[in-house]
Amino acid sequence: MKVKAAVLREFNKPVSVEEVNLAPPKEKEVLVKTAYTGFCHSDLGFIIGKVNFGLPGVLGHEAAGVVEDVGPGVTSLKKGDHVVTAWMVPCGTCPECVTGQGYICRKSVELFMKGVLLDGTSRLTDSKGRMLCHQTYVSGFAEYMVVPEAGAIKVRDDLPLDQACFLGCCMPTGVGAVYNVAGVKPGESVAIWGMGGVGLNVVRGAKLRSANPIIGVDLEGSKEAIAREFGATHFILSSKQDPVPMIQELTGGGANYCFEVTGDPGAATQASWALGLGGKLIQIGIAPPTTLVGLPLTFFAGHCLELRGVTYGKIHTHVDIPRFADMAMKGDLMLDKLITKKFKLEEINDVVEALKSRQIIGRWVCDWKIGK
Ligand SMILES: [Zn+2]
Ligand SMILES: [Zn+2]
């Protein structure tokens with residue numbers, strides 16, 4: 001079938017909106033009609049070449065939609081099911097998977113870095129018949145997606161799909177880091193660098209865990225209102241103020257947990273200095289592969305500090321995403337408040353520019369109904 005899609009052909013070049021060919025789902029794959037696709041900071045990271053998920057490729061990894069058709073052998077999904085796409089699809093048999101760490105499945109990572117589905121091939125070609133890569137099994141900036149059955153997580157029908165798309169990336173990445181990695185306890189102090197889609201979900205997770213204080217740090221003052229709405233008790237404008245002494249003062253000597261969400265080495269260094277005794281630095285933000293960071297080693301030993309990296313919030317997609325859908329319906333996650341703009345696919349280059357200049361507050365989502 002022919003579908004409209006956002007194609008990245010070269011790093012640091014405008015995204016092209018094209019009509020591409022999408023082949024039918026093969027064994028254990030499903031065809032999903034895309035409803036909403038969030039524009040994540042990692043999409044920008046790919047566009048500017050900070051990470052490489054395979055070129056040329058169809059962008060997008062944070063999507064929700066409705067199953068339109070299923071390939072041979074699919075047993076868990078049927079036409080009409082509402083699904084969230086996952087960008088990590090554990091194989092179930094590698095050493096990481098069998099020890100319960102599917103979020104770092106070696107086979108899943110190897111395949112998504114090549115831009116292919118689980119059988120090692122792509123369902124996407126351009127108008128000239130050349131292969132296009134799938135971005136991390138999803139390629140959500142397309143009218144329809146073919147994704148692995150194991151990468152389409154069924155969620156309750158009453159969760160609005162514009163909120164459901166966040167369950168594919170920013171929400172579990174943020175809340176999962178609080179619950180599964182930091183293990184924040186009531187009354188413990190938390191500081192978070194980066195008040196974008198993931199950072200706001202760290203704030204939300206910390207709020208649900210009754211952390212106090214919850215300190216949001218960002219270069220842009222325009223992020224303060226939404227940070228406070230999500231649960232931040234304090235906001236530090238790091239382009240004007242040094243967050244380290246302020247956090248030390250607010251927490252009585254340093255935070256129990258510092259979450260670095262931006263992937264910026266300067267922010268990670270600040271976060272390491274803002275830790276209190278026994279504090280943990282949780283690294284969520286993705287930096288280019290060559291990035292190195294200086295850490296105060298004296299205090300890492302003497303103060304028993306810890307540095308923990310985390311991807312995808314260490315979630316188990318099939319267990320956690322439906323639970324997150326229940327939390328969203330209870331109002332715990334405030335996903336409705338995260339949506340600050342809906343755009344149509346043709347506007348995607350404007351969205352790229354807005355994110356580059358840090359002007360996006362909350363999350364902007366591509367609404368596939370606009371213009372229909
Ligand atoms: Zn993402
Ligand atoms: Zn595996």
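Before any of the text, the structure's been laid out above.
In what follows, the accompanying structure is described. Just so we're clear, the structure is a prediction, and the values are computed from it rather than from any experiment. (Residues numbered from 1 in each chain as written. Chains lettered and ligands numbered in written order. Predicted model: local features only at pLDDT ≥ 70, side-chain atom pairs only at ≥ 80, totals over all residues. Heavy atoms only, no water.)

## Digging into the overall build of the protein
And then number 1: Across its full length, the protein carries 13 helices and 18 strands.
And then number 2: Taken along its principal axes, the extent of the C-alpha atoms in the protein is 60 × 40 × 40 Å.
And then number 3: Here the protein holds 372 residues, and the buried ones make up 56% of them.
And then number 4: For the protein, the exposed area adds up to about 14800 Å²; of that, 55% sits on carbon and sulfur atoms.
And then number 5: Considering the protein, the positive charge centre built from 39 side chains and the negative charge centre built from 38 side chains are found 1 Å apart. (Helix = DSSP H or I, 4+ residues; strand = E, 2+ residues; numbered from the N terminus. Buried < 20%, exposed > 50% of the residue type's maximum accessible area, 1.4 Å probe, protein only. Areas by Shrake-Rupley, 256 points an atom, 1.4 Å probe, with all protein chains shown as cover. Lys, Arg positive; Asp, Glu negative; His and termini not counted. Charge placed at Lys NZ, Arg CZ, Asp CG, Glu CD.)

## What about the coordination of the zinc ion (ligand 1)?
And then number 1: Donor atoms from the polypeptide that coordinate the zinc ion (ligand 1) comprise Cys40 (SG), His61 (NE2) and Cys169 (SG), at 2.0 to 2.2 Å from the metal.
And then number 2: In the primary sequence, the donor residues of the zinc ion (ligand 1) line up as C-x20-H-x107-C. With histidine 61 in the loop between β4 (57-58) and β5 (63-70) and cysteine 169 in the loop between α4 (161-164) and α5 (170-182), this pair connects stretches of sequence that are 108 residues apart. (Donors = N, O, S within 2.8 Å, 3.2 Å for Na, K, Ca; no water.)

## Examining the sheet that holds strand β1 (residues 2-8)
And then number 1: Strand order around the closed barrel formed by five strands is β1-β2-β7-β8-β4, with mixed pairing between neighbours.
And then number 2: Here six bridges tie β1 to strand β2 (residues 16-22), and the two strands are oriented antiparallel to one another. Residue valine 7 lies in a different strand from β2, and its bridge partner there is serine 16. (Pairing = 2+ DSSP bridges.)

## Comments concerning the pairing of strand β8 (residues 131-134)
And then number 1: Where β4 lies against β8, two bridges are found, and the strand directions are parallel. Directly across from valine 58, in β8, lies its bridge partner histidine 134.
And then number 2: The pairing of strand β7 (residues 124-125) with β8 spans two bridges and is antiparallel. Looking across to β8, one finds that threonine 125 is bridged to methionine 131.
And then number 3: Turn length for the β7-β8 hairpin, with the two strands adjacent in sequence and antiparallel, is five residues, and the turn residue glycine 129 shows positive phi of about 85°.

## Examining the nonpolar core
And then number 1: In this structure, Phe39, Phe141, Phe166, Leu167, Ile192, Phe259 and Ile284 are the most contacted members of the largest nonpolar core, which totals 111 residues.
And then number 2: With seven residues, α5 is the largest single contributor of residues to this core.
And then number 3: Other than its neighbours up to four places away in sequence, phenylalanine 166 contacts Glu62, Met171, Pro172, Leu335, Leu338, Ile339, Arg363 and Val365. (Core = buried A, V, L, I, M, F, W, Y, C linked by side-chain atoms within 4.5 Å. Contact = heavy atoms within 4.5 Å.)

## Examining the layout of surface pockets
And then number 1: Taken as a whole, the second largest pocket holds about 170 Å³ of empty space.
And then number 2: With four residues, the single largest contributor to the lining of the second largest pocket is strand β3 (residues 29-38).
And then number 3: The residue makeup of the lining of the second largest pocket, split by class, is five nonpolar, one polar and four charged. (1 Å grid on protein atoms, 1.4 Å probe; cavity = no way out; pocket = protein on both sides within 12 Å on 5 of 7 lines; lining within 4 Å. Points joined across faces, edges and corners; volume = space filled by probe spheres on them. Nonpolar A, V, L, I, M, F, W, Y, C, P; charged D, E, K, R; others polar.)

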